[in-house]
Amino acid sequence: MTLVSFVVPAYRVQGYLRECLDSILAQPVADIEVIGIDDCSPDGSGDILAEYAERDERVTAVRLERNVGLGPARNVGLDRATGEYLWFVDGDDWLTADCLVEVAARLRETRPDVLLVDHVRAHWDDTVTRSAMAEVFPVPPGPATFRLIERPETVKLLHTAWNRLVRRQFLTDVGLRFAPGWYEDVSFSYPVLLAADRIGVLDQVCLNYRQRRAGAITRTRGERHFDVFEQWHRVFRELDRFGAEQLRPAIFERMMWHYLVVLGNGDRIGPELRPTFFARVAIEHARFRPLDGHRVPSGVEGLKHRLVAAGQWRTFSALRAASRAGEAAPRLGVRRARDAALRQYQRAERRRPVEDNLAVYAAYWYRGYACNPAAIYEAARRLAPQVRGVWIVRRDRVHTLPEGVEYVVAGTPAYHRTLARARWLINNVNFPDSVRKRPGTVHVQTHHGTPVKVMGLDQQRYPLGAGGMDFAGLLRRVDRWDYSVTSNSFSTQMWERAYPAGYTTLEVGYPRNDRLVTATAEEVLRLRAEFDAGLGEQVVLYAPTHREHLPRYRPPFDPERFLDALGPAGLLLMRSHYFQDRNRQRPPAAARGRVLDVSAHPRVEDLYLAADVLVTDYSSAMFDYAVLDRPIVLYAPDWDAYRLTRGVYLDIVAEPPGPVARTFTELLDVFRSGALRAPDAERARARFRERFCALEDGRAAERVVRRVFLGENPA
């Protein structure tokens, strides 16, 4: 028999689900199964489950026809499970490495009905906080099992489904399942403890409980939080069914603790609902209070209990307000200091009305006219001519702007005025911290590539690549986004976890790639002629990425030897990353004429169209160039070090768009041997294009313009 069945419900967790599944499947225990439940998720979660099921026989993917909620979705997995034990793991959490070794050993040794395991809260800012395990059990219980009446303090452990493994036959025998609604863990976790004859505790951290910055139920305000009352009603019904009256005081105390936690959380219960919620808590207190009395906490918590018992909402509310005011005082001082530092002119301009027809565009920290913003600008001139587009550019880059493009120079009064009054702000990076989100304005983050390396908050795990990043500042900037433009579902998933916020994703393809789809043969010939490339020449574009953690690093590359491998009809275009403008790799004198440094070329799309082959490492260039369906060679001489120090989302060596070379000699062999256009290379590129380029049909910019400027929602 399978020892452990993992039940993984998935709803809007596409940014985290791969990490969850990988953490389970990588455990060094063979007798497991994973049942993934797609709860009719509107994102890519279902596709991810299907992908894993296709390549790993231990995974079963179930797709529900309608959204049923977390509890019923878990029941679907429970009904399909074959394992001796069930572990309900949420799709945005993940297991610790090798934890299942100790878990399996304890299960086989003691055969508990329930095994409780420890966890940590993994916060979005990469900090970790421990659970209450050490406080509840100062001396670890060891392998001995017990009944709840023997250790009633056990109820103080967090009431979740994922911090306990439950014997499947035990659940069937006592008839326990998950209830619908929010807080469904409550009416499952406590009855499981009440009914169990053999409870075990493993004092080992086995799960990372992700504290999401956005998208979590615990950070969603609304009336659905009133579901908590019915869930606790179910707990007391089960207490009566199991004849556990002796445990009523412990369960009552835990209920009151939970109600006050929910009431005190401003992210859940808004000001308009607090009096009503308080009144319900007072009713519950009177309804379920043990006749023989119960323990009242000391200090402020005890005062809260007494105020609830007396129904004194006004006094309770005043106590809460006084506590919050004391906590907010230091933050208020910091905010005032920051506000005082804002420039007077900027403040004055923000008091003036927003200009309803003004759109501001920027790219690459004001480097000029480029990338997705440029493509959107051009589409807007055609489809929304009533919108006035103004570009922000550095003074030293003004000369690169196309003729007729209106602009302001960064840092000037006109710059501050334009930023303060524009209705639309479009950028492929973030605007500076001084830019404030005004009511009625729309910020569009277009990004500038499909990510191979980790980005945003995920960089906290790889400090060598983070380079002193201000993650709190990053999140303040992300909170300004109204739209995030992505080119494929993979990018959508990764941005969701790297930049958690309340924006709307426009998964429409990359506007800058429209040109690659629509370019004519005549345009390609013209571009090749600009580089003196004839019809018979093989033009290779070499475009390595930047190593933030190794700023002086250059991949081993000898242009002269590479030209020898290309033959006499070869032309090499070399393009450094834009972060390396002042430290480019110059072509050798002996190869001039056949090696061109194109780092300063204003539009990389020109280079893509002119090139017959792309050689790159971990650059997002490969995803854009793949739109052209031309050969791509992955040259990855430092892959092992790069993935460990910089961090990656994708094993690009295992899923490449073409041949892979790990050394410069192997790179030369790819061109000499014909592997460049071999059937294996063609198949690899086809798989890559299917996954990452399916949306690139030449109309991405139009879709953005119609949604953002015209308010349409085109299919």
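Residues numbered from 1 in each chain as written. Predicted model: local features only at pLDDT ≥ 70, side-chain atom pairs only at ≥ 80, totals over all residues. Heavy atoms only, no water.

## A few points about the sheet that holds strand 10 (residues 355–362)
Pairing within the open sheet is parallel, and its 7 strands lie in the order 12-11-10-13-14-15-16. What marks the edges here is a single partner per strand, and that holds for strand 12 (407–409) and strand 16 (504–507). Neighbour-to-neighbour, the strand axes of this sheet turn through a mean angle of 25°, independent of strand direction. With 2 bridges joining them, strand 14 (residues 442–445) and strand 15 (residues 483–486) adopt parallel strand pairing. Residue pairing for strand 15: Gln 445 is matched across the bridge by Ser 484. On top of the sheet, helix 15 (residues 413–421) reaches strand 10, strand 11 (388–393), strand 12 and strand 13 (422–427); it is set at about 105° to strand 13, its chief contact. Contacts from helix 18 (residues 489–498) reach strand 15 and strand 16 within the one sheet, and its direction differs from that of strand 15 by about 140°. (Pairing = 2+ DSSP bridges. Helix = DSSP H or I, 4+ residues; strand = E, 2+ residues; numbered from the N terminus. Axes fitted to C-alpha atoms, helices over the stretch in contact; angles between N-to-C directions. Contact = heavy atoms within 4.5 Å.)

## Comments concerning the sheet that holds strand 20 (residues 613–616)
Read from one edge to the other, the open sheet built from 6 strands follows the order 19-18-17-20-21-22, with strand pairing classed as parallel. Edge positions in the open sheet fall to strand 19 (595–597) and strand 22 (660–661), since each of these has one partner strand only. Note that strand 18 (residues 570–574) and strand 19 share 3 bridges and pair parallel. By the bridge assignment for strand 19, Leu 573 is matched with Leu 596.

## Observations regarding the pattern of salt bridges
Oppositely charged side chains may form a pair once their charged atoms are brought near each other. Taken as a whole and assessed by the stated rule, the structure comprises 54 salt bridges. The salt bridge involving Arg 497 is made with Glu 19; its shortest N-O contact spans 3.5 Å. Of this pair, Arg 497 sits in helix 18 while Glu 19 sits in helix 1 (residues 17–25), and the two are 478 residues apart along the sequence. With respect to class, Arg 497 is no different from Glu 19; both count as buried. (Salt bridge = Lys/Arg side-chain N within 4 Å of Asp/Glu carboxyl O. Buried < 20%, exposed > 50% of the residue type's maximum accessible area, 1.4 Å probe, protein only.)

## Here we look at helix 26 (residues 679–692)
For an α-helix, 3.6 residues make a turn, and residues three or four places apart therefore share a direction. Between its terminal C-alpha atoms helix 26 stretches 20 Å, which fits the 20 Å expected from 14 residues at 1.5 Å a residue. All buried positions along helix 26 are accounted for by Ala 681, Ala 684, Arg 685, Phe 688 and Phe 692. The buried residues of helix 26 occupy an angular sector of 95° when the element is viewed end-on, so they sit on one face. For helix 26, the exposed residues lying more than 90 degrees away from the buried face are Pro 679, Arg 687 and Glu 690. Residues of helix 26 that are buried in the fold lie against helix 18 and helix 23 (621–625). (Expected span 1.5 Å × (residues − 1). Arc of directions from axis to C-beta.)

## Describing helix 2 (residues 45–55)
Of all the residues in helix 2, the buried ones are Ser 45, Gly 46, Ile 48, Leu 49 and Tyr 52. For helix 2, the arc enclosing every buried residue in end-on projection is 160°, short of the 170-degree limit, so these residues lie on one face. What points out from helix 2, more than 90 degrees from its buried face, is the exposed set Asp 47, Glu 54 and Arg 55.

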